[in-house]
Amino acid sequence: MLDSNADDLAAMADLLGPFAIRVAATLRLADHMAAGVTTGAGLAKQVGAHPATLKKLLRYLVSRGVFRWSQERGYEVTDLGAPLLEDAPGSVRRRLSMDGLLGLAELGLVGLLHTVRTGEAGYKAAFGRDFWHDVSDVPDDANVLAEEVAKELSGDGHLIVHSYDWSRVRRVMDVGGGNGTVLIELARAHPHLHGALLDLPGMAKAAAQRIEQCGLGDRCETVEGSFLDPIPPGFDVYLLSAILCDWPDDDAIKILRRCGEAAGAAGRVLVADMNLIYDDDDADAARMNLLLTGTVPVPVRTLKQLKRLGAAAGLELSWEGPTTRRRTLLEFRAH
Ligand SMILES: C[S@@+](CC[C@H](N)C(=O)[O-])C[C@H]1O[C@@H](n2cnc3c(N)ncnc32)[C@H](O)[C@@H]1O
């Protein structure tokens, strides 16, 4: 019994499998195999890898049943490995790619010991750089990265688009708007709205591209910058969608203050923040809570804590919207 527990626990703690699968996802090995590149040397050439080492990786993943190898057919994707194909239904390739937002974030778990000791984000401790700045520094991949976020959040978009009275609003700024998913939905649903999106350069560029592609260039613009610096004034609503949850209290208060300053007496700050509600026995929530804390230092806040943040930033709660299981809508105005 003890022996089998030890084996089970050691298997749970084995880091090799997750890393090997993620390297395969990042290098798109499954897609190359499906496209007919089936030798170790051919794959190494295709993905720019060290041939002998790639072969070790392939052999290991064959031993785990992700790929198979035969003399006649070379390397192939198994049923287990099929979700590594980009176009497979329920593909996990992007989610696991180390170039992707979620894959990159999870690398921060290397700093989990630091996180547990200090409460600070493991990502910064491990790599010496803020997670979002790393994300923004890979502009070529920014679209892919932002798509990941958008996919994660799209389920809550309707709350922002349909639960707030946008008829009174002419100009909205989506602060930290990512690839523009929310702003685009807003502009489509409310044709009278004009919008701007502020984000770090990589994301803002990705958003500009998507806005153009959606034919909304005449109503929506993008601004490259940081919400920790002064934000352009003149908008009726400053929207913070899934932003505060990435920041500890001091920074979150600063972001709210920046929005309040920009909004002035007439404007509003609309907070649509993550509001994960946990049950002690909810395994998914327990995983997400620790994962987010280890990567971005997410302090999952209760509604009360969000309201307190607003007050600490000198804002007054002016409206409280509906709450889904994951999101809350709160409107603030400057005193
Ligand atoms: C969790 S995503 C939310 C994206 C979007 N608001 C949504 O709801 O889909 C956080 C966003 O904040 C942006 N961000 C992080 N640090 C920033 C900063 N200092 N200034 C502006 N944007 C920042 C990230 O690039 C990312 O797009």
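Residues numbered from 1 in each chain as written. Predicted model: local features only at pLDDT ≥ 70, side-chain atom pairs only at ≥ 80, totals over all residues. Heavy atoms only, no water.

## Some remarks on the site of the ligand
Around the ligand there are 18 residues in total, and Gly176, Asp199, Ser226, Phe227 and Ser241 lie nearest to it. In this structure, a nitrogen atom belonging to the ligand sits 3.0 Å away from a side-chain N or O atom of Ser226. Taking Ser241, its side chain carries an N or O atom lying 2.5 Å from an oxygen atom of the ligand. Surface burial for the ligand is 96%, taken as the share of its 590 Å² of free accessible area covered by protein chains. Tallied by class, residues from the shell around the ligand come to ten nonpolar, six polar and two charged. (Near = heavy atom within 4 Å. Polar contact = N/O pair within 3.5 Å; in protein donor to acceptor, adjacent residues only side chain to side chain. Areas by Shrake-Rupley, 256 points an atom, 1.4 Å probe, with all protein chains shown as cover. Nonpolar A, V, L, I, M, F, W, Y, C, P; charged D, E, K, R; others polar.)

## Quick look at helix α17 (residues 303–312)
The complete set of buried residues in α17 reads Leu306, Leu309 and Gly310. Projected onto a plane normal to the axis of α17, the buried residues spread over an arc of 100 degrees and lie on a single side. Among the exposed residues of α17, those pointing more than 90 degrees away from its buried face are Lys304, Arg308 and Ala311. Elements that come into contact with the buried residues of α17 comprise α15 (249–263), β7 (268–274), β8 (315–323) and β9 (327–334). In the segment just after α17, Gly314 is the residue with positive phi, at about 80 degrees. (Buried < 20%, exposed > 50% of the residue type's maximum accessible area, 1.4 Å probe, protein only. Helix = DSSP H or I, 4+ residues; strand = E, 2+ residues; numbered from the N terminus. Arc of directions from axis to C-beta. Contact = heavy atoms within 4.5 Å.)

## Overview of the layout of surface pockets
In this approach the atoms are scanned with a rolling probe the size of a water molecule, which exposes any empty space left behind. By volume, the second largest pocket amounts to about 430 Å³. What lines the second largest pocket is Met12, Ala13, Asp14, Leu15, Pro18, Phe19, Arg22, Gly103, Glu106, Leu107, Leu109 and Val110. For the lining of the second largest pocket, the elements supplying multiple residues, two or more each, are α1 (2–13), α2 (16–26) and α7 (101–107). Residue composition of the lining of the second largest pocket, by class: eight nonpolar, one polar and three charged. (1 Å grid on protein atoms, 1.4 Å probe; cavity = no way out; pocket = protein on both sides within 12 Å on 5 of 7 lines; lining within 4 Å. Points joined across faces, edges and corners; volume = space filled by probe spheres on them.)

## Points about the packing of helix α4 (residues 40–47) against helix α5 (residues 51–63)
Two numbers describe how α4 lies on α5: the axes approach to 9 Å, and their chain directions differ by 115 degrees. Classified by the interaxial angle, the pair formed by α4 and α5 is roughly perpendicular. The handedness of the crossing between α4 and α5 is right-handed. Across the interface between the two elements, Gly40, Leu43, Ala44 and Val47 of α4 pack against Pro51, Leu54 and Leu58 of α5. (Axes fitted to C-alpha atoms, helices over the stretch in contact; angles between N-to-C directions. Parallel < 35°, antiparallel > 145°, perpendicular 65-115°, else oblique. Left-handed = near helix turned anticlockwise from the far one by under 90°.)

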